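As a plain string of letters, each chain reads:
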Amino acid sequence: MARGATKQQAASELFLSFHTVDTHLRAIYGKLGVRSRVALARAWDARETGV
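Residues numbered from 1 in each chain as written. Predicted model: local features only at pLDDT ≥ 70, side-chain atom pairs only at ≥ 80, totals over all residues. Heavy atoms only, no water.

Visitor: Sorry if this is basic, but what is going on with the environment of Ala11 here?
Guide: Note on placement: Ala11 falls in helix 1 (residues 7-14). Those residues in contact with Ala11, other than ones at most four positions away along the chain, are Leu16, Ser17, Phe18 and Val21. (Helix = DSSP H or I, 4+ residues; strand = E, 2+ residues; numbered from the N terminus. Contact = heavy atoms within 4.5 Å.)

Put into structure tokens, the structure is as follows:
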């Protein structure tokens, strides 16, 4: 998801339903305190670079 995949693409790649991906993504948003995919990507990038 952080690399730009859609929920449907992630579901297909991981052999999960769209709804399962959506549920987990919402939980991730809540835990990281983000509200958008852009904010999620920034949080992921900061984690990867240690910023």
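The rest of the description comes next.
Visitor: In this structure, what is going on with unusual backbone geometry? I would like to understand it.
Guide: The residue Phe15 is not glycine, and still its phi comes out positive at about 55 degrees. Here Phe15 is to be found in the loop between helix 1 and helix 2 (18-32).

Visitor: In this structure, what is going on with the pattern of salt bridges? I would like to understand it.
Guide: Side-chain pairs of opposite charge can arise where the charged atoms are in close proximity. Within the structure shown, the criterion is met by two salt bridges. Of the charged contacts in the structure, one is a salt bridge between Lys7 and Asp22, with a shortest N-O distance of 2.6 Å. You can see Lys7 sitting in helix 1 and its partner Asp22 sitting in helix 2, a full 15 residues away along the chain. The partly exposed category is assigned to Lys7, whose relative accessible area is 24%. Judged by its relative accessible area of 12%, Asp22 falls in the buried class. For the salt bridge of Asp22 with Arg26, the shortest nitrogen-to-oxygen distance reads 3.0 Å. (Salt bridge = Lys/Arg side-chain N within 4 Å of Asp/Glu carboxyl O. Buried < 20%, exposed > 50% of the residue type's maximum accessible area, 1.4 Å probe, protein only.)

Everything listed is a geometric property; what it means functionally is a separate question.
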